[in-house]
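Fold and geometry: a report
For reference, the chains in residue letters:
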Amino acid sequence: MPVKIRLQRHGKKGKPYYWIVAADSRAKRDGKYLEKLGAYNPNTNPATIDLDIDGAVKWLQNGAQPTDTAKAILSYKGAMLKNHLAGGVRKGALTEEQAEEKFNAWLEEKAAKIQAKADGLSKADADAKAKALEAEKAVNEARIAAAAPVVEEEVAEEVATEETTASNEEE
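Okay, so let's go over this structure.

Some details on the overall build of the chain
Of the regular secondary structure elements, the chain holds four helices and five strands. Scanning the chain from its N terminus toward the C terminus, one meets helices and strands in the order β-β-β-β-α-β-α-α-α. For the chain, buried positions account for 23% of its 171 residues. Contacts in the chain between residues at least 24 apart in sequence constitute 37% of all its contacts with a sequence separation of at least 6.

Written as C-alpha cells, this is what we have:
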C-alpha cells in the first residue's frame, strides 16, 4: 500500500483550506485518509500552517512519499530537516542531543524570519495608511482653498460696491 503525504482540499469556492494528510495513493483527493497531520491556510499572509512535525517524520521514515506541494510545506516547517537529522542519528553521524540542538536552532532562525516578514507587512500597511491620510488631507485643503476665494471675492465685491456708493453719496 503506497502512502502519500498530500493536501486534502476543504473550504468554499475561492477560499481554499487544506488538510495535510497521510493517505493511500489510490484514494480520492478528498477521500479516505490514514492520518491527519495538520492544516494549511493559504488565505492569510503569511500563510498559516499547523503541522504535527513528529507525525510527519514518522510517516516519512516509514516510506511515505510527499507530493510536491506537501514537500514544500514539510520543508518550510522543518519536518524534512528533522527526518534528515534522524537519518544521521541512525547512521551514528551525530547524537540525538546534537540533532535536537541543530533542529531547535533552525526553528529559532525560521521564527525570526517569519516575524520579520510579518513586521514588514504591518509596517507597509501602516505606511500606506499614512500616505492615504496625507493625500486625503491635501485634497481637503485644496477643496477648502478652492471654496474660500469665492466667498472672499463676494465679500470684496460687496465692500467695493459699498465704497463706491459711499463715495458717490459724499459727492
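Some thoughts on the nonpolar core
Ile5, Ile20, Leu37 and Leu51 are the most contacted members of the largest nonpolar core, which has 24 residues in total. For this core, the element with the highest residue contribution is helix 1 (residues 53-61), accounting for five residues. When neighbours within four sequence positions are excluded, Leu37 is seen to be in contact with Ile5, Ile20, Val21, Ala22, Asp50, Leu51, Asp52, Gly55, Ala56 and Trp59.

With respect to the sheet that holds strand 3 (residues 35-41)
The five strands lie next to each other as 4-3-2-1-5, forming an open sheet whose pairing is mixed. The strands lining the two open edges of the sheet, one partner per strand, are strand 4 (48-51) and strand 5 (65-66). One ladder, built from five bridges, connects strand 2 (residues 15-24) with strand 3; its direction is antiparallel. Bridged to Tyr18 within strand 3 is Tyr40. Of the strands in this sheet, strand 1 (3-12), strand 2, strand 3, strand 4 and strand 5 are in contact with helix 1, which crosses strand 3 at around 125 degrees.

Looking at unusual backbone geometry
Pro46 follows Asn45 through a cis peptide bond whose omega is -5 degrees. Within the secondary structure, Pro46 sits in the loop between strand 3 and strand 4.

Considerations on the packing of helix 1 against helix 3 (residues 79-91)
Contact geometry for helix 1 and helix 3: axes closest at 9 Å, N-to-C directions at 55 degrees. Compared by their axis directions, helix 1 and helix 3 come out oblique. Taken as a pair, helix 1 and helix 3 cross one another with a handedness that is right-handed. Only Ala79, Met80, Lys82, Asn83, Ala86 and Arg90 of helix 3 make contact with helix 1, whose side of the interface consists of Ile53, Asp54, Ala56, Val57, Leu60 and Gln61.

A few points about the packing of aromatic side chains
If you walk through the whole model with that rule in mind, you get three aromatic pairs. Aromatic pair Tyr18 and Tyr40: ring centres 5.9 Å apart, planes at 20 degrees, arrangement stacked. With Tyr18 in strand 2 and Tyr40 in strand 3, the pair connects residues that are 22 residues apart, well separated along the chain. You can call Tyr18 buried: its relative accessible area is 19%. The buried category is assigned to Tyr40, whose relative accessible area is 18%. Seen in terms of ring centroids, Trp19 and Tyr33 are 6.0 Å apart; in terms of plane orientation they differ by 80 degrees. Their pairing is edge-to-face. Of the two residues, Trp19 sits in strand 2 while Tyr33 sits in the loop between strand 2 and strand 3, which places them 14 residues apart along the sequence. Residue placement shows Lys36 over the ring face of Trp19; its charged tip is 4.1 Å from the ring centre.

Considering helix 3
Because each turn of an α-helix spans 3.6 residues, side chains separated by three or four positions in sequence point in the same direction. For helix 3, built from 13 residues, the straight-helix expectation of 18 Å at 1.5 Å per residue is met to within 8% by its first-to-last C-alpha distance of 19 Å. Turning to helix 3, its buried residues number three or more, namely Ala79, Lys82, Leu85, Gly87 and Gly88. Residue Gly92 follows helix 3 closely and has a positive phi angle near 90 degrees.

Criteria and cut-off values
- Residues numbered from 1 in each chain as written.
- Predicted model: local features only at pLDDT ≥ 70, side-chain atom pairs only at ≥ 80, totals over all residues.
- Heavy atoms only, no water.
- Helix = DSSP H or I, 4+ residues; strand = E, 2+ residues; numbered from the N terminus.
- Buried < 20%, exposed > 50% of the residue type's maximum accessible area, 1.4 Å probe, protein only.
- Contact = heavy atoms within 4.5 Å.
- Core = buried A, V, L, I, M, F, W, Y, C linked by side-chain atoms within 4.5 Å.
- Pairing = 2+ DSSP bridges.
- Axes fitted to C-alpha atoms, helices over the stretch in contact; angles between N-to-C directions.
- Parallel < 35°, antiparallel > 145°, perpendicular 65-115°, else oblique.
- Left-handed = near helix turned anticlockwise from the far one by under 90°.
- Phe/Tyr/Trp six-rings, centres within 6.5 Å; stacked < 30°, edge-to-face > 60°.
- Lys NZ or Arg CZ within 6 Å of the ring centre and 35° of its normal.
- Expected span 1.5 Å × (residues − 1).

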